[in-house]
Amino acid sequence: MSHPAPPAGPFEPLPVMDRQDAAGWARQLTEYLARSAGVALAPGSAGPSFRPCVGRGGEVAADGRYTLSYAVYSDVPAARHPEVVRRIRAALEQEGFEVGGYRETLAGRPDALLDAFRAEGRYLVGVESTVGAGRLLFRVVTRCLMPPAPGSG
C-alpha cells in the first residue's frame, strides 16, 4: 500500500497531488482495508469531499491547497462489526498506523469505532458502525495537499 510522501518538517512544502489522484489513493486505501477484513465496499456509496485548507487564524490561501475527506460504506451485519474492526486494526498497525480510538461494543452491543493516524503522510483513517444496523463507514482524511502547478501535468 503506498502513501502520500510526507514533508521533512513543518516548514517544508506541502505534498503535491491533484484531486483525482488523491481520491483514487483514498479509494485504494479503503479497498485494501475492506479486503484485509474480508468485506466488500458498497458499490456507488463512495464520496470524496474536497475543502480548502483553513489556517489557524481562519485564513484560506488562494493557491488551491485542499484537504480530502473520503467516505465509503460496507454492508456488514452488526454482529460482525467487532471482528471486522479487529482485522482492520491489525492491518493498520502492520502498516505503521497509531490507533487513537477503538471500541468493539457499546452498552454490550456491537458498535465498532476505529480511528488511526499515520505520522508518515499525516492522515487519518476511520471505520465505524453507522446509525442503523448492518453498515460500516470507512473514511480517510488527509492533511493539506497542494494541487500541481497549472501546466505541470
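Relevant structure appears above.
Since this is a predicted model, take the numbers as computed values, not measurements. (Residues numbered from 1 in each chain as written. Predicted model: local features only at pLDDT ≥ 70, side-chain atom pairs only at ≥ 80, totals over all residues. Heavy atoms only, no water.)

Side note on the packing of helix α1 (residues 19-37) against helix α2 (residues 81-94)
Relative placement of two packed helices is described by the angle separating their axes and the distance separating the axes.
Part 1: Between α1 and α2, the least distance of the axes is 8 Å, while the angle of their chain directions is 120°. Relative to α2, α1 is oriented oblique. The way α1 lies across α2 gives a crossing that is right-handed. The segment α1 lies against α2, with Y32, L33, S36 and A37 engaging V84, R87, I88, A91 and L92.
Part 2: Across the contact of α1 with α2, the residue classes tally to seven nonpolar, one polar and one charged. (Axes fitted to C-alpha atoms, helices over the stretch in contact; angles between N-to-C directions. Helix = DSSP H or I, 4+ residues; strand = E, 2+ residues; numbered from the N terminus. Parallel < 35°, antiparallel > 145°, perpendicular 65-115°, else oblique. Left-handed = near helix turned anticlockwise from the far one by under 90°. Contact = heavy atoms within 4.5 Å. Nonpolar A, V, L, I, M, F, W, Y, C, P; charged D, E, K, R; others polar.)

Examining the layout of surface pockets
Part 1: The space that makes up the second largest pocket amounts to roughly 170 Å³.
Part 2: Lining the second largest pocket are eleven residues, with R109, P110, D111, S129 and T130 sitting closest to its centre.
Part 3: When residues in the lining of the second largest pocket are grouped by element, the largest group, three residues, is from strand β4 (residues 109-118). (1 Å grid on protein atoms, 1.4 Å probe; cavity = no way out; pocket = protein on both sides within 12 Å on 5 of 7 lines; lining within 4 Å. Points joined across faces, edges and corners; volume = space filled by probe spheres on them.)

Thoughts on the state of the cysteines
Part 1: According to the stated counting rule, one finds one disulfide in the structure shown.
Part 2: Here C53 connects covalently by a disulfide to C144, the sulfurs 2.1 Å from one another. One end of the pair, C53, is in the loop between β1 (47-52) and β2 (66-75); the other, C144, is in the segment after β6 (135-141), and 91 residues separate them in sequence.
Part 3: A relative accessible area of 6% places C53 in the buried class. (Disulfide = S-S within 2.5 Å. Buried < 20%, exposed > 50% of the residue type's maximum accessible area, 1.4 Å probe, protein only.)

Quick word on the side chain of S74
Part 1: The topology assignment puts S74 in strand β2.
Part 2: A distance of 2.6 Å separates a polar atom in the side chain of S74 from the backbone oxygen of A40.
Part 3: Those residues in contact with S74 that lie beyond four places of it in its chain are V39, A40, L41, A42, G134, R135, L136 and F138. (Polar contact = N/O pair within 3.5 Å; in protein donor to acceptor, adjacent residues only side chain to side chain.)

Points about the packing of aromatic side chains
Part 1: Inspection of every chain in the model, using the stated rule, returns three aromatic pairs.
Part 2: Between W25 and Y123 the ring centres are 4.8 Å apart and the planes differ by 90°, which places this aromatic pair in the edge-to-face class. Linking W25 in helix α1 with Y123 in strand β5 (residues 123-129), this pair joins segments that are 98 residues apart in sequence. One exposure class covers both W25 and Y123, and it is buried.
Part 3: Put simply, the rings of W25, F97 and Y123 pair up and form one aromatic cluster.
Part 4: The residue whose ring lies beneath R118 is F97, and the NZ or CZ to ring-centre distance is 5.8 Å.
Part 5: When the ring centre of Y73 is taken as reference, the NZ or CZ atom of R135 above it lies at 4.6 Å. (Phe/Tyr/Trp six-rings, centres within 6.5 Å; stacked < 30°, edge-to-face > 60°. Lys NZ or Arg CZ within 6 Å of the ring centre and 35° of its normal.)

Any link to function would need more than the numbers given here.
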